[in-house]
Amino acid sequence: MENNAVESDFGQALGERQTRRVYLITYSQADLGKIANCQAFSDCILEAFSQSQGNQKDNTNHPEHWSCCMEEHRDGGKHYHLAIKLSAPRRWKAVKNYVSKKHGIALHFFDQSCGYHVAYKYVCKNKPFTNVLHSPGHPNLQEIGSPKTKRAFTQFSDNAKKRRISAPTNNEKIKENLPSSSKPKKLSNIDVSEFIVANDIRSDSELMVVAKTRHSEGEKDLYKFIINKSSKSLSELLDMTWKMNDDFKNVQRVKESRISILIAHLESECLPLCNGEWLVCAKQVLQQNGINLYYFASALHQLLERGRQKRLNVLLIGPTNCGK
């Protein structure tokens, strides 16, 4: 089936001679015997872009970043989606032919000029971040706050096309005929606060770097939020966010008994290179100093359970290098 005969929820398939810098690539009704997982599919696509330069004059064109996931097909079976952003526009036909010849599978390249972040959202479809395979160093494009539609971005693109094909004298008429679109939702302090915690952002510099990276990919929400904030307000938001988060953990910690904390650590795995040898060492130290193991353990248990008080404190005394 030719690529230009295929449509999806994402848009119309590309024409044979069209070039794009951002592609959404789909492998429908995937044969898992040929392409077993997302890593195999992404390797296949990256190899095709690398080896099928075709008539491109610039052989330095390379993928900047990509994301890939596997989905259940509505009619049964599996299919793959991969969004990819290149360093420069190039045609897709050579890539399709390369994959078809080497792997015997048919890829579909879909038309979408709204930028990589829109293709990325289509691939993710609100899946957990860990369920989507990302290229190394992929920019953080996770949704901030409640999920938003791409209606505003699409409307902006459609309006731009209408302006380009219309005479300047018809501008007012075009504006009257354009469908009204709601403005994108502005991020609230709560939205950004949750994003900060989810991504472990500890300073305003880190937050600005993330915002700038998202802005370069077309996702301007966090960038606008920061631009409209004073440095003091931004710092206060970060401080309050982590104060609330850390205070919650501290309160939860206070509610736990010392014994329950020890039991939890006992049931967890040892630190690397320990392998439980700490217990052997502790027993040896007690034995070498003539201290009864059960007596010492009982004293510590009472101390941790009842807290410091008269006749319950444990004092370790002895000469140098005795293992106190």
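The following refers to the structure shown.

### What about the pattern of salt bridges?
Next, step 1: Counting across every chain of the model gives 11 salt bridges.
Next, step 2: Two residues, E64 and R21, come together in a salt bridge whose shortest N-O distance is 2.9 Å. Here E64, found in strand β4 (residues 63–72), pairs with R21, found in strand β3 (residues 19–27); they are 43 residues apart in sequence, far enough to count as distant.
Next, step 3: Measuring nitrogen to oxygen at the nearest pair gives 3.9 Å for the salt bridge that ties E64 to K85. Taken as a pair, E64 in strand β4 and K85 in strand β5 (residues 78–91) lie far apart in primary sequence, 21 residues in all.
Next, step 4: The class of K85 is buried, set by a relative accessible area of 9%.
Next, step 5: Salt bridges sharing common partners tie together R21, E64, K85 and E217.

### Examining the environment of E16
Next, step 1: The residue E16 is located in the loop between β2 (11–12) and β3 in this model.
Next, step 2: Among the residues examined, E16 registers a relative accessible area of 46% and is labelled partly exposed.
Next, step 3: If near-sequence neighbours (up to four positions away) are discounted, E16 is found in contact with W92 and K93.

### Quick notes on a nonpolar patch on the surface
Next, step 1: Together, L266, W278 and L279 make up an exposed nonpolar region whose accessible area comes to about 340 Å².
Next, step 2: Mapped onto the elements of the fold, L279 is located in helix α11 (residues 277–288).

### So, helix α1 (residues 38–51)
Next, step 1: Between its first and last C-alpha atoms α1 spans 20 Å; for 14 residues at 1.5 Å apiece the expected length is 20 Å, and the two agree.
Next, step 2: For α1, the complete set of buried residues consists of C38, F41, S42, C44, I45, A48 and F49. End-on view of α1: buried residues confined to an arc of 155°, all on one side of the axis.
Next, step 3: Those residues of α1 that are buried lie in contact with β3, β4, β5, α2 (93–103), β6 (108–110) and β7 (133–134).

### So, the sheet that holds β7
Next, step 1: Ordered by their spatial adjacency, five strands build an open sheet running β6-β3-β5-β4-β7, and the pairing between neighbours is antiparallel. Because the sheet does not close on itself, it has two edges, and the strands there are β6 and β7.
Next, step 2: As paired elements, β3 and β5 share eight bridges and run antiparallel to each other. Note that in β5 the partner of V22 across the bridge is K85.

### Observations regarding the pairing of β3
Next, step 1: Taken together, the three bridges between β3 and β6 define a ladder with antiparallel strand orientation. For T26, the partnering residue across the bridge sits in β6 and is H108.

### Structural notes on the nonpolar core
Next, step 1: Residues I25, F41, F49 and L107 are the most contacted members of the largest nonpolar core, which totals 23 residues.
Next, step 2: Residue contributions to this core peak at six residues, all from α1.
Next, step 3: Beyond its immediate stretch of four places on either side in the chain, F49 contacts Y23, I25, I84, L86, R90, V95 and F109.
Next, step 4: Of all hydrophobic cores here, the second largest spans 16 residues; its members include F195, L207, A211 and W242.

### Quick notes on the packing of aromatic side chains
Next, step 1: Going through the model one piece at a time under the given rule, you end up with seven aromatic pairs.
Next, step 2: Every member of this aromatic cluster is reached through a ring pair, and the members are Y23, F49, W92 and F109.
Next, step 3: A cation sits over an aromatic face here: K125 above Y122, 3.5 Å from the ring centre.
Next, step 4: Seen from the ring of W242, R202 lies directly overhead, with NZ or CZ sitting 3.5 Å from the centre.

### Observations concerning α11
Next, step 1: An ideal rise of 1.5 Å per residue puts 16 Å on 12 residues; α11 measures up with 17 Å between its terminal C-alpha atoms.
Next, step 2: Positive phi appears at G290, one or two residues downstream of α11, with a value of about 65°.

### Focus: a positive patch on the surface
Next, step 1: There is a patch of like positive charges on the surface, built from K186, K212, K220 and K224.
Next, step 2: Looking at K186, the relative accessible area reads 75%, which means it is exposed.

### Points about unusual backbone geometry
Next, step 1: Even without being a glycine, Q29 presents a positive backbone phi close to 50°.
Next, step 2: You can see Q29 is positioned in the loop between β3 and α1.
Next, step 3: Phi is positive for D200, close to 50°, though the residue is something other than glycine.
Next, step 4: Relative to the elements of secondary structure, D200 occurs in the loop between α6 (189–198) and α7 (204–216).

Quick notes on the rules
Residues numbered from 1 in each chain as written. Predicted model: local features only at pLDDT ≥ 70, side-chain atom pairs only at ≥ 80, totals over all residues. Heavy atoms only, no water. Salt bridge = Lys/Arg side-chain N within 4 Å of Asp/Glu carboxyl O. Helix = DSSP H or I, 4+ residues; strand = E, 2+ residues; numbered from the N terminus. Buried < 20%, exposed > 50% of the residue type's maximum accessible area, 1.4 Å probe, protein only. Contact = heavy atoms within 4.5 Å. Patch = residues over 30% accessible without salt bridge, like charges linked within 9 Å, V, L, I, M, F, W, Y side chains within 5 Å. Areas by Shrake-Rupley, 256 points an atom, 1.4 Å probe, with all protein chains shown as cover. Expected span 1.5 Å × (residues − 1). Arc of directions from axis to C-beta. Pairing = 2+ DSSP bridges. Core = buried A, V, L, I, M, F, W, Y, C linked by side-chain atoms within 4.5 Å. Phe/Tyr/Trp six-rings, centres within 6.5 Å; stacked < 30°, edge-to-face > 60°. Lys NZ or Arg CZ within 6 Å of the ring centre and 35° of its normal. Lys, Arg positive; Asp, Glu negative; His and termini not counted. Charge placed at Lys NZ, Arg CZ, Asp CG, Glu CD.

This is a description of form; function is not addressed.
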